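Chain and residue survey
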Amino acid sequence: MMQSSPELANQLRQRVTTSGMTPEQIRSRLKAEGYPENFLDSYLPGGTGGTPNTDVVSAFRRLGITDDEDASVLRTMLRQEGDTGMVRGAVPRRAITVRDDSTASAAADSAAYRLFGLDVFQNATSQFLPVMDGPVDANYRIGPGDQLVLILTGEVELAHTLDVTREGFIVIPQVGQLSVANLTMTQLENLLYARLARSYSGVRRGADAPTKFSVSMAKLRAIQVFVTGEVVRPSSYRISSAATAMTALYAAGGPTVTGTLRAVTVRRGSQTIATLDVYDYLLRGDNGKDVRLENGDVIFVGTHGPRVRVTGEVVRPATYELKAGEGVREAIRAAGGFKPTALASRVQIVRIVPAAERTVGGGDRMVVDVTAAGPSIDAFPAVEIRGGDELRVFPVASRVRGRITVDGHVWTKGQQAFVAGMKLSDALRAAGGTQPDAYLGQVSITRLQPDSTRIQLRAVLRDTTGAVVNDLALADDDVITVYSLTNFRPRRFVAIGGSVRVNGRYPFNEGMTLRDLVLAAGGLVEGAWIREAEIARIPASFDGGVTAQTVRVPLDSSYLAQSANGATSTSREVTLQPYDNVLIMQQPDFSLPRSVVITGEVRYPGRYALRTKSERLSDIVQRAGGLSGEAAADAAYFARAKTLTAFQRAAGDSAPAKPKAAGAEATTQRESAKGFDSTDVSVERSRVGVNLLAALARPQSDDNLLLFDNDSLHLPMQRTTIEISGAVNAPSIIAAASGRSISFYVRAAGGASLVGDASRAYVIQPDGKIQARRTVLGIVPLYPTPRPGATVVVPVKAADDGSLQRLTATIQIVAQTVASLATVWALLR
């Protein structure tokens, strides 16, 4: 199934979102740069699909959405994914296919270019939006604009809605004014116990209090905070008073590609009250440092710190930002740790050498190997990670040890665990033993040597139980092969052809008879000669170039399946030998009924069965009662069918398709049959030019054709028009003019068009014969005269009509003719 890479497309959408440009601005800039306005619509917010390619990356660079370094990273990803290059505005030539195991490593490397954490802020979700009403936690601090609900039950049944005023107090009827600004919900509850008890004697702590109360938050106030720095949409935001720093960061679209996720600061006044590490939330689900915001707080996102690209056998390949002092161990943990397939004892750092340390001659990069002292991540030394580093985690070796392989003629072949001291008989027994037709003469053992070469060992089986005469001790990676006698036997066959339903080769079985082979071939067909058959057999000697010897064997009616029930065979059964070739002959002069069709202006049109093989056109016209008075005999349409069997079609035994003459037609008939059956035919029908008048007037004429099966003859009514078609200015049908040539009718149709070649015009006469212009001595042109009912065709000029070459040839012929005439004249004088 073909689909574009979602990872690459998501990377591009992330860059569009963090660019700060609106969709309208992007479309306008695309138009100004010469791209279609909708070229990047798949990567705009809300877009889906998209096939990343180098043209898309170039467009991103031209719009300033990516810089040179970012564009280089994207192109590297495209090379790993398989670029689907296309020109501006064009449809992609192909899509990126679903990757298989052979490209899994490339897929992991592509994922490593993803900046970890940024995709959290690109999802259209409300998971970070706090509620604007309802209950809050006990640490929520009350402020002006909040709305509380106080409910008293028991001896007193009251409910009060209490708004916190701008001065920070609430007024409770019969209780008075209470200052609640900056109190937590727990502190408010303690205050209410003290103040309500003065007015309601039943209010006190404990489950047996006569009067109980509850206070909850009905509506939260809105606060204004400022999100600045490297965020997608820096601005001021009005959010709920229950919002945290993560809420404000999400409202601003999250950090840009250049922003940090590890040190988001929250400033209140001139002090920094908290520093948020988004990785705590993403990697460990820890929101303990996600402080609740207050009115006027500033959330600042600075530029990112050192980033490392973690690739290879880790759970989550990506690009991670590290804090100062963090190194290899922290990078591996951020990537989710090692996969089970990881080589946990060594990792490699590909590092960009600092500018001050670089040497001349391409020494800008270096490789640092880091080896662990043990099997855990903590066993790696505290190697510092620098910005631009790539941390590679390698897979374990793919070679499997501690195994042997049993192949060939055993019941359960495949790999087995190798145990020291294991012998050949043990392996054969674990494979279920050998099969009954196993070759006992040798079992092959291929053994791998320390230098990766292999040697061949062999053993002999005592019997088919798997007992071994020389029971060899096995070694790791041995490959055991048990052979089969069947593999050594030739694949013997017999063949049959002629008057059977399915000609071909059939497997030979001992004791197979001619009757068995006939039945396997589907039985005899109609017309089969049931007196005898011919068998071609391998000769006893090939001396003298002899390739086969033939024998005739008797048949009888019992070989006909439709009459074999209850019939007793009068001929002996013929036992076949390997490679016999049987021919079932056809009865002499046998033929199924054949028929022809005659239609149109005859007295008795219809389908007529041919009485003899020598019937001709004049005979069938006579049997149809002759022509009617309106018949146009010179326009007779005679068509002949060419029948192709299934075998001929499979072998390509048909002429290449050619342009059909006017009136040509083709039909196809197919019947289902097993194999290449003679009833599975394809009939191709085409017109044959014939002069019916000559055939009727002179039966010995060449136009009085012999008739074949499926021939057809149509006698149209007399016509007095001529059709002009092809590359003319006004294709039309006009009345026939006696004695007029082809050029007259071309002019009557407005002459040849700009692409028409009047010099190559031709006529399809009513009888189907085609006539074209010809010349005498290459000089005098002779044009055919169309008869009533004919069609004049003007072909299109060829791409290279060779007019100059023809002119040159004509001049040469004229010069030669003139020279010859001058010579004759001189001799005569």
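Before any of the text, the structure's been laid out above.
To start, this report covers the structure provided alongside it. (Residues numbered from 1 in each chain as written. Predicted model: local features only at pLDDT ≥ 70, side-chain atom pairs only at ≥ 80, totals over all residues. Heavy atoms only, no water.)

**Points about the packing of aromatic side chains**
Under the definition given, this model contains eleven aromatic pairs. Geometrically, the ring pair formed by Tyr35 and Phe39 is stacked, given 5.3 Å between the ring centres and 25° between the ring planes. This pair shows no difference in class: Tyr35 is buried, exactly as Phe39 is. For the ring pair Phe121 and Tyr250, a centre distance of 6.4 Å and an interplane angle of 35° mean the geometry is tilted. In this pair, Phe121 is assigned in the loop between helix 5 (104–111) and strand 1 (147–154) and Tyr250 in helix 7 (residues 245–251), connecting sequence segments 129 residues apart. Taken together, the ring pairs in this structure connect Phe116, Tyr279 and Tyr320 into an aromatic cluster. Over the aromatic face of Tyr559 sits the side chain of Arg515, whose NZ or CZ is 4.2 Å from the ring centroid. Here Arg740 stacks its cationic end above the ring of Phe744, 4.6 Å away from the centre of that ring. (Phe/Tyr/Trp six-rings, centres within 6.5 Å; stacked < 30°, edge-to-face > 60°. Buried < 20%, exposed > 50% of the residue type's maximum accessible area, 1.4 Å probe, protein only. Helix = DSSP H or I, 4+ residues; strand = E, 2+ residues; numbered from the N terminus. Lys NZ or Arg CZ within 6 Å of the ring centre and 35° of its normal.)

**Structural notes on the sheet that holds strand 32 (residues 732–735)**
Two modes of strand pairing occur in sheets, parallel and antiparallel, and in both the strands are linked by backbone hydrogen bonds. On the basis of which strands lie adjacent, the open sheet formed by five strands has the order 32-31-37-33-34 and mixed pairing. The sheet is open, and its two edges are formed by strand 32 and strand 34 (770–772), each paired on a single side. Sheet twist, expressed as the average angle between the axes of neighbouring strands with direction ignored, equals 25°. Here four bridges tie strand 31 (residues 721–726) to strand 37 (residues 791–794), and the two strands are oriented parallel to one another. For Ile724, the partnering residue across the bridge sits in strand 37 and is Val792. (Pairing = 2+ DSSP bridges. Axes fitted to C-alpha atoms, helices over the stretch in contact; angles between N-to-C directions.)

**What to know about the nonpolar core**
Residues Leu293, Tyr320, Val347 and Leu391 are the most contacted members of the largest nonpolar core, which totals 50 residues. The element contributing the most residues to this core is helix 7, with five residues. Aside from chain neighbours lying at most four places away, what touches Leu391 is Val308, Arg309, Val310, Thr311, Val328, Ala331, Ile332, Val347, Gln348 and Ile349. In terms of nonpolar packing, the next biggest core, distinct from the first, is built from 26 residues, Tyr140, Leu148, Val203 and Leu220 among them. (Core = buried A, V, L, I, M, F, W, Y, C linked by side-chain atoms within 4.5 Å. Contact = heavy atoms within 4.5 Å.)

**Notes on the sheet that holds strand 11 (residues 307–312)**
Taking strand neighbours across the sheet as the criterion, the five strands line up as 12-11-15-13-14 in an open arrangement whose pairing is mixed. Both edges of this open sheet fall to strand 12 (318–321) and strand 14 (365–371), since each of them pairs with a single strand only. For this sheet the average axis-to-axis angle between neighbouring strands, irrespective of direction, equals 25°. Looking at chain direction, strand 11 and strand 15 (residues 389–395) are connected through five bridges and run parallel.

**Some remarks on the side chain of Ser425**
Turning to its location among the elements, Ser425 is positioned in helix 10 (residues 424–430). Leaving out residues up to four positions away in the same chain, Ser425 has contacts with Gly466, Val468 and Asp471.

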